[in-house]
Amino acid sequence: MVYDWVIVGGGVAGISLAEVLTRRGCKILLIEKNSLLAGETTKEFHEWMHTGALYTLLPDGNQTMKYLIGAIDDMFLYYSQFNNMNLIPTNKGLGFEKNINSWFKDDYISFRYRLRKYNPLWSLISSRSIMNIEKIKNHDWLHRQGGNVFSSHSNYLSLAGSYHKYLTAKSDFFEYESSDFVINSRVMLADLLNAALTRGAEVVTNEEVISISKESGNNVVFTKNEKYMAKKVVFCNSAGISKFSDVKVKQSYAPMAVVSGDFSKTSNFVNLDYYVKKSINLIKKTDEIALIGGITLSKKSSCDDYIKYVINEHKKLNSSVSLIKKYVGIKNEFKFKESNRNYLYNISQISDSVWSLIPGKYSLLFSFAPEFYKQVYKKNPPISNDLPKSTTLNQSLISPTTWQEAKL
C-alpha cells in the first residue's frame, strides 16, 4: 500500500494530525516507537489548558496570548462536533457542559502574584497581567476572533484599577482566579484517535523510524522491521526532525513531582514572582494526589536542586505533602536566535513531500492541526460530520499520564 501520509510520532501532534487529515479521506499510517501512544512529552505535563493568561507576563506584545486565544476560536470551529468537547462560547467568557467523559474540567487555576511593592517594574507587569486576564475572562466568544481583541494601547483606567488591587493586597501574594483550567487529556486524545481509526487510519507501535528515501516518486520510510510507502511524510517527533532535516531543535527541562497529601481544601495555583526561579505551581488531580513544578530550565543539571526547592516550598504551605515520584519533563522546541523559548507551534517543509511539526503548547492543538492542513492543501479542513456515534472511550493504545502511573 502507498499511504497518503505517514506520520512519525504518536504524541498530541501525531494523533491530532491523523484525525484532521482523515477528514479529507487520506490513507494515514501513524508510527510510534514506543508500545503506547502519547508516552513521552504528552504524558508528563500538567494537563493545563492555557487560555493566554500566563503569557500576559511576557514582553512579546501579547503575541503568545493571542495565539492561545485564537486556538480556542479554532476549537469552536473545528472540534465542537465531538460529543465530549464540553466547552461553550458565551458572550462573557467560557462555559462548561457537564459531561461524564469531558475534555475539560470546570476547575480553574489561581494566579498568586508575589507582592513586591517597592519593585515598580514587577508591580506594573503584575497589574497589566491582571488587567488582560480580566479581558480574557469577559471576552465575547460569540463574536469569535478572540486573538484580535487586544489593542497595543492599554486601557489606562483598567490598568489603574488592577494596580490598586495589587497594591492593597493584605498578604504576601495578590491572588486572582485566572481564565486557565484543567484538561482531561486522555479523554480528548482517545476521542481524536477513535475518530481517525474509524475513518481508516492505521497505527503501528514499537517501530522506530531509522531512515527515509525516495523510490518511484514516493517516500520510503524504513524501520528496523518494515518499510512503508507514502506520498507524504510528517515528522512529529523531535528526534526524527533533527535526524532527517537541518532544523535545529532545542531541549529544555521541566522538573516535576507527583505528591500525595490532603488536598481537599486546596485549589490549583501558580505562585508568580519577579525572581522566576522562586515560582512554583500545583495542579490538583484528586483530593489525595497533586502534580507540582514551576519553571523550565535550560540545564538538566539544575533540575534536582530546583525540584527540591519546589517540594520544600509546598511542604511549608501544606505539611501533609509527601513525595511519590519526581522526574524531568523534556520540552522540544525549534531554536530561534531572537528568543530563548518558542512557546508557539512551528510547521516546516523539509522537502516537496516531507514536513515537520513541533507544538509549543498542548493547548495549541486546536490551531496547529488545522493550520498544518491549511498549509498543505491551501484550504480549511472539513468540519467533522462522521464522528463515531458511540461515546465509549477506547484508550488501550494511549499511555496513562505520569501522575496516573505514580498513583497506580
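For the structure, see preceding data.
To start, this report covers the structure provided alongside it.

Basis of the calculations
Residues numbered from 1 in each chain as written. Predicted model: local features only at pLDDT ≥ 70, side-chain atom pairs only at ≥ 80, totals over all residues. Heavy atoms only, no water. Helix = DSSP H or I, 4+ residues; strand = E, 2+ residues; numbered from the N terminus. Rg over C-alpha atoms; globule rule 2.2 N^0.38 Å. Contact = heavy atoms within 4.5 Å. Areas by Shrake-Rupley, 256 points an atom, 1.4 Å probe, with all protein chains shown as cover. Lys, Arg positive; Asp, Glu negative; His and termini not counted. Charge placed at Lys NZ, Arg CZ, Asp CG, Glu CD. Buried < 20%, exposed > 50% of the residue type's maximum accessible area, 1.4 Å probe, protein only. Pairing = 2+ DSSP bridges. Phe/Tyr/Trp six-rings, centres within 6.5 Å; stacked < 30°, edge-to-face > 60°. Lys NZ or Arg CZ within 6 Å of the ring centre and 35° of its normal.

What follows is about the overall build of the chain. Per the secondary structure count, the chain includes 10 helices and 18 strands. Compactness check: the chain gives a C-alpha radius of gyration of 22 Å against a globular reference of 22 Å for 408 residues, within 12% of the reference. Along the three orthogonal principal directions, the C-alpha set of the chain runs to about 70 × 45 × 45 Å. Partitioning the contacts of the chain with sequence separation of at least 6, the portion at a separation of at least 24 is 72%. By element, 49% of the accessible surface of the chain is carried by carbon and sulfur atoms, the whole surface being about 18400 Å². Of note, the chain has its 51 positive side-chain charges centred 4 Å away from the centre of its 38 negative side-chain charges.

Backbone geometry places alanine 38, a non-glycine residue, at a positive phi of 55 degrees. Here alanine 38 is to be found in the loop between strand S2 (28–31) and helix H2 (41–44). The exposure class assigned to alanine 38 is buried, which follows from its relative accessible area of 1%.

On to the pairing of strand S10 (residues 218–223), then. Of all 6 residues in S10, 5 are buried; the element is thus mostly enclosed. The sheet contact formed by strand S9 (residues 209–215) and S10 spans 6 bridges and is antiparallel. Each residue of the ladder has a partner; that of valine 209, found in S10, is threonine 223. Between the end of S9 and the start of S10, which pair antiparallel, lie 2 residues, with serine 216 showing a positive phi angle near 55 degrees. Sheet topology places S10 next to strand S11 (residues 227–235); 4 bridges connect them, and they run antiparallel. When the bridges of S11 are listed, phenylalanine 222 appears paired with lysine 227. In this structure, the hairpin formed by S10 and S11 is closed by a connection of 3 residues.

Attention now moves to the packing of aromatic side chains. Considering all chains together, one arrives at 24 aromatic pairs under this definition. Seen from their ring centres, phenylalanine 235 and phenylalanine 244 are 5.0 Å apart, and the 20 degrees between their planes marks the pair as stacked. In this structure an aromatic cluster arises from ring pairing among Tyr79, Phe82, Phe96, Trp103, Phe104, Tyr108, Phe181 and Phe366. Looking at lysine 137, its charged tip hangs above the ring of tyrosine 176, at a distance of 4.6 Å from the centre.

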